[in-house]
Amino acid sequence: MSRVVVITGAGGALGSALASQFAGEPDTDVVLSDVSEAALAATVESLPGEHGRVETVTADVSDFTQVEAVVARAVERFGRIDVLISNAGVLSPNGRIHNLTTADWERAFRVNVLGGVHGIKAVVPVMRSQKSGSIVLTASVSGLTAWSHAAPYCATKAAVIQLAKVAAVEYARDGIRVNCVCPGTFVSAIHEGLPQAAIDAIGAKHPLGLGSASELVGAYSYLASDAAGWTTGTAMVVDGGYSAP
Ligand SMILES: NC(=O)c1ccc[n+]([C@@H]2O[C@H](COP(=O)([O-])OP(=O)(O)OC[C@H]3O[C@@H](n4cnc5c(N)ncnc54)[C@H](O)[C@@H]3O)[C@@H](O)[C@H]2O)c1
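None of the values given here were measured: they were computed from a predicted structure.

This brings us to the nonpolar core. As a rule of thumb, nonpolar side chains are buried together in soluble globular proteins. Judged by nonpolar contacts, the single largest core of 35 residues is most densely connected at Val31, Ile81, Ile120, Ile135 and Leu137. Elements supplying a minimum of two residues to this core: strand 1 (3–8), helix 3 (64–78), helix 4 (102–130), strand 5 (133–138), helix 5 (151–171) and strand 6 (176–183). Leaving out residues up to four positions away in the same chain, leucine 137 has contacts with Ser86, Gly116, Ile120, Val160, Leu163, Ala164, Asn179, Cys180 and Val181. One finds Ile7, Val83, Ile85 and Leu223 within the second-largest nonpolar core, a separate group that totals 25 residues.

Alternating residues of strand 3 (residues 54–58) divide into Glu55 and Val57, all buried, and Val54, Thr56 and Thr58, none buried. As defined by bridge partners, strand 2 (residues 28–34) adjoins strand 3 across five bridges and the pair is classed as parallel. Bridge assignment links valine 31 to a residue of strand 3, and that residue is glutamate 55. Where the polypeptide runs from strand 2 across helix 2 (residues 37–45) and back to strand 3, its parallel neighbour, the crossover connection is right-handed.

About the criteria used
Residues numbered from 1 in each chain as written. Predicted model: local features only at pLDDT ≥ 70, side-chain atom pairs only at ≥ 80, totals over all residues. Heavy atoms only, no water. Core = buried A, V, L, I, M, F, W, Y, C linked by side-chain atoms within 4.5 Å. Buried < 20%, exposed > 50% of the residue type's maximum accessible area, 1.4 Å probe, protein only. Helix = DSSP H or I, 4+ residues; strand = E, 2+ residues; numbered from the N terminus. Contact = heavy atoms within 4.5 Å. Pairing = 2+ DSSP bridges. Right-handed = clockwise from strand over helix to strand, strands pointing away.

Structure, rendered in structure tokens:
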């Protein structure tokens, strides 16, 4: 029986790298989801020549019924879900707290936090009935360190880390592991509009320099696999040394 991996935010830089990684792993089928149909299509185009079966579903993770529909499609097509990678996320506007609007905060919470909550809520009934499953949430090193001018992003990513930990405790006895990855900065569309000087300054704070999405997929592959069978509730930092000092 093939393993079934569902990935949200699959149209982005990290999501696309994750899609290639998992679709290329042996006996693995993938369900790729993103709010952008065009981005999803580009990800499918970029998959390696040899890959498992692929299903795509356009969905907005901030809307629970749309996330439920992704899970329903995965079960309808493949009969099970072994891994959920909740990866969709947005960066909040650059600004100090007194300059950010309630709408800025709401958007960050709806996508970054509720997106993860919706994924867990939708997939847990399936994984509980299988008595197995692995959920990996994309948090950020910004959930562990303070970034000036990015309070909604930092606060929502800290919430994602706690969400993973609480879910790990709640569902351990159901055979479901829940972990998150805390990446340092890798260049992606999320940084659109940031001046190059700002990106260079962020890069200079990473002892190993800026990362790339391909340098992150190994952590997800491990957390999703049976090799991580005794790993749950962890926030795995992959940040080129950013948080070490
Ligand atoms: N790039 C970085 O430096 C960095 C660092 C740490 C964590 N992250 C996290 O990694 C994840 C992937 O980001 P990325 O850098 O690849 O950015 P990206 O912008 O390339 O990808 C994000 C994807 O999420 C999708 N998306 C946005 N809102 C959505 C919604 N409401 N519903 C469904 N999909 C939605 C976008 O269409 C996009 O394809 C995010 O959670 C981000 O916060 C990124």
